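Residues per chain, in single letters:
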Amino acid sequence: MKIVVADSNLIPHRARFDAAVPTGSQLSWHASFDEAALIEDLRDADVYVGGKFTPSMASSATTLRLVHVAGAGTDNISFGALAPDVLVANTFHHEKSIAEYVVAAAVMLRRGFVAQDAALRRGVWATSVYDDRLTQSNSLQGARVGFVGFGHIGNATWNLFRAFGATGAAVTGRGNVDATGEGLDWAADVSQLERLLAESDVVVVSAPLDDRTRGMIGAEELRALGSDGVLVNVGRGPLVQEQALFDALSSSTIAAAAIDVWYDYPGADGRGAPSALPFSELPNTMMTPHSSGVSRQTFLGRVDDITGNITRLARGEQLRNVVAPAVGAKGSRA
């Protein structure tokens with residue numbers, strides 16, 4: 001079995017990966033995504049591991065049986081180009097790390113710690129203790145947290161927020177969350193999105209990106225969140241309309257935002273602006289480079305999931321976390 005790996009996040013755990021795949025497997029590691037090199041390498045491959053798979057790669061990969069994403073998102077996989085019997089699977093394990101980020105960001109922004117850090121570096125003690133023009137900030141106790149999407153990330157994040165004494169509500173595409181069972185005040189489909197934002201102090205965006213959800217939060221929804229509201233986006237940048245978010249932050253229509261997912265991404269050198277708009281100039285914005293889920297624990301879990309599925313494929317067993325096709329042939333659908 002030939003396995004082509006083109007996800008640089010797995011390289012620190014290469015020894016663990018190599019030791020876990022079936023004996024006799026041929027492994028080919030790529031330090032970066034080089035489409036031309038991958039097209040050549042995939043000609044006799046059984047398994048491809050990586051976050052991007054193009055139609056040109058599919059045309060070359062005539063013996064391919066499995067595309068395994070080393071994460072949850074499959075929006076860079078060209079499903080339509082794959083042969084009908086090629087399985088696509090994903091993996092998670094990022095939710096606990098992302099949950100830590102979301103709660104930390106909510107505390108930092110809601111309490112004003114990000115702005116206080118910047119001020120104190122200039123010698124300004126920006127707290128109501130030293131400046132009576134400033135108001136006392138709010139903790140998370142009793143805060144309403146609204147979840148736009150309530151899958152692995154939403155659930156893990158809610159478990160942490162509950163420990164702070166927050167209340168919660170959620171909207172999802174299918175509206176199938178059991179509010180009582182999850183300890184939420186209410187849950188509904190996305191028709192109740194504006195209500196969710198209007199009632200929330202902190203909004204966590206972790207919905208999947210597709211044609212229905214792209215731009216689902218715009219100027220009207222941000223106005224509903226209001227001038228005390230904090231937005232944390234750990235889903236995909238385009239879930240929130242770029243110009244509308246910049247305008248809402250610039251005008252203090254909302255209080256603050258933590259943005260971990262962006263509208264533009266860098267090249268191989270890891271440099272480049274995350275947006276054509278100057279978010280970096282906004283004092284009420286916490287910017288991170290899509291790093292909320294990046295931890296050692298995340299990728300150890302992913303290595304174990306991926307190698308476990310490769311072993312099942314070799315044995316003809318059912319795979320886990322299969323997202324396509326709807327009915328599997330080689331390895332079958334879990």
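Every chain is numbered on its own, with residues counted from 1 as its sequence reads. Per-residue local features of the predicted model are confined to residues with pLDDT of at least 70, and side-chain atom pairs are confined, for both listing and counting, to 80 or more; whole-chain, interface and lining totals are unaffected and use all residues. Calculation of side-chain values draws on the structure's entire complement of heavy atoms; hydrogens and water are dropped beforehand.

Caption draft 1: Spotlight on the overall build of the chain. Helices and strands together make up the secondary structure of the chain, namely eleven helices and 13 strands. Here the radius of gyration uses the C-alpha set of atoms, whereas the globule reference equals 2.2 Å times the residue count to the power 0.38. The C-alpha atoms of the chain give 22 Å as radius of gyration, which agrees with the globular expectation for 334 residues (20 Å, within 12%). The C-alpha extent of the chain, read off along each of the three principal axes, is 70 × 45 × 30 Å. Note on classification: 1.4 Å probe, protein chains only; a residue is buried when its accessible area is under 20% of the maximum for its type, exposed when over 50%, partly exposed between these limits. A burial count over the chain gives 47% of its 334 residues as buried. In this analysis, two residues are considered to be in contact whenever any of their non-hydrogen atoms come within 4.5 Å of each other. Long-range pairs, those at least 24 residues apart, make up 61% of the contacts in the chain with a sequence separation of at least 6. Computing the positive centroid from 28 side-chain charges and the negative centroid from 36, the chain places the two 5 Å apart. Secondary structure follows DSSP: runs of H or I at least 4 residues long count as helices, runs of E at least 2 residues long count as strands, and numbering of each begins at the N terminus. Positive charges are assigned to Lys and Arg, negative charges to Asp and Glu, while His and the chain termini are left out of the count. Where a charge sits is defined by one atom per residue type, namely NZ (Lys), CZ (Arg), CG (Asp) or CD (Glu).

Caption draft 2: Looking closely at the sheet that holds strand β13 (residues 322-324). A sheet is described by the order of its strands in space; here six strands give the open sequence β2-β1-β3-β4-β5-β13, paired in mixed fashion. Unpaired on one side and paired on the other, β2 (26-29) and β13 mark the two borders of the sheet. The average undirected angle you get between the axes of adjacent strands in this sheet is 20 degrees. At least two bridges found by DSSP between two strands are what make those strands a pair. Here strand β4 (residues 66-68) pairs with strand β5 (residues 87-89) via three bridges, running parallel. Each bridged residue has a counterpart across the sheet, and for L66 the counterpart in β5 is L87. Axes here refer to lines fitted to C-alpha atoms; in helices the fit is confined to the stretch in contact. Angles between the N-to-C directions go from 0 to 180 degrees.

Caption draft 3: Broad picture of a nonpolar patch on the surface. Together, L120, W125, V129 and Y130 make up an exposed nonpolar region whose accessible area comes to about 500 Å². Turning to its location among the elements, V129 is positioned in the loop between α5 (113-120) and β6 (144-148). Patches draw on residues past 30% relative accessible area with no salt bridge. Two like charges within 9 Å are joined, as are two nonpolar side chains (Val, Leu, Ile, Met, Phe, Trp, Tyr) within 5 Å. The Shrake-Rupley method, run with a 1.4 Å probe sphere, supplies the accessible areas, and residue values consider only the shown protein chains as cover. What makes a salt bridge here is a side-chain nitrogen of Lys or Arg within 4 Å of a carboxyl oxygen of Asp or Glu, nothing more.

Caption draft 4: Representation of the packing of aromatic side chains. Think of it this way: a Phe, Tyr or Trp ring, Trp meaning its six-membered ring, pairs with another when their centres are within 6.5 Å, and the plane angle makes it stacked under 30 degrees, edge-to-face over 60, tilted otherwise. Tallied over the full model, the rule gives nine aromatic pairs. Consider the rings of F17 and W29, whose centres lie 5.3 Å apart with planes at 75 degrees: the pair is edge-to-face. Placement of the pair is F17 in helix α1 (residues 14-20) and W29 in strand β2, with a sequence separation of twelve residues. Each member of the pair F17 and W29 is classed as buried.

Caption draft 5: Local environment of the pairing of strand β7 (residues 167-172). Of all six residues in β7, five are buried, a share of seventy percent or more. In terms of strand pairing, β6 meets β7 through five bridges, oriented parallel. Its bridge partner lying in β7, R144 is registered against T167. Crossover handedness for the path β6 to helix α6 (residues 152-163) to β7: right-handed. In this structure, β7 lies alongside strand β8 (residues 186-189), joined through four bridges in parallel fashion. Paired with A169 across the strands is W186, a residue of β8. By the criterion used throughout, a crossover qualifies as right-handed when its path from the first strand across the helix to the second strand runs clockwise, the strands pointing away from the viewer.

Caption draft 6: Structural context of helix α4 (residues 95-110). Its 16 residues give α4 an end-to-end C-alpha distance of 22 Å, which sits within 8% of 22 Å, the value for a rise of 1.5 Å per residue. Every buried residue belonging to α4 is among E95, S97, I98, A99, Y101, V102, V103, A105, A106, L109 and R110, and all of these are buried. Following α4 by one or two positions, G112 has its phi on the positive side, about 80 degrees. Here the expected span of a helix is defined as 1.5 Å times the quantity of residues minus one.

Caption draft 7: Geometry of the side chain of N309. Checked against the element boundaries, N309 lands in helix α11 (residues 296-315). Whenever two N or O atoms come within 3.5 Å, that pair is a polar contact, provided that in protein one can donate a hydrogen and the other can accept it, and provided that, for residues adjacent in sequence, both atoms are side-chain atoms. Within the structure, the side chain of N309 is placed 2.8 Å from the backbone oxygen of R320, a separation counted as a polar contact.

Caption draft 8: Main features of the nonpolar core. Remark: nonpolar core denotes a set of buried residues (Ala, Val, Leu, Ile, Met, Phe, Trp, Tyr, Cys) joined through side-chain atoms within 4.5 Å. Residues V148, I217, L231, L245, I254 and F279 are the most contacted members of the largest nonpolar core, which totals 31 residues. For this core, the secondary-structure elements that each account for two or more residues are β7, β8, α8 (193-199), β9 (202-205), α9 (219-225), α10 (242-250) and β11 (256-259). In this structure L245 touches L222, L231, V240, I254, A257, I259, Y263 and F279, once residues within four positions along its chain are discounted. Residues L140, F150, L184 and V230 belong to the second largest nonpolar core, which totals 27 residues.

Caption draft 9: Layout of the sheet that holds β8. Spatially, seven strands are ordered β8-β7-β6-β9-β10-β11-β12 in an open sheet, and the strand pairing comes out parallel. Looking along the sheet, the strands with just one partner apiece sit at the ends: β8 and β12 (285-287). Sheet twist, expressed as the average angle between the axes of neighbouring strands with direction ignored, equals 15 degrees. By the bridge criterion, four bridges tie β9 to strand β10 (residues 230-233) in an arrangement that is parallel. Pairing of V202 across the sheet is with V230, part of β10. Set on the sheet, α6 makes contact with β6, β7 and β9; between it and β6 the angle comes to about 175 degrees. Against the sheet, α10 engages β10, β11 and β12, with an angle of about 140 degrees to β11.

Everything listed here is a matter of geometry and, on its own, says nothing about what the molecule does.
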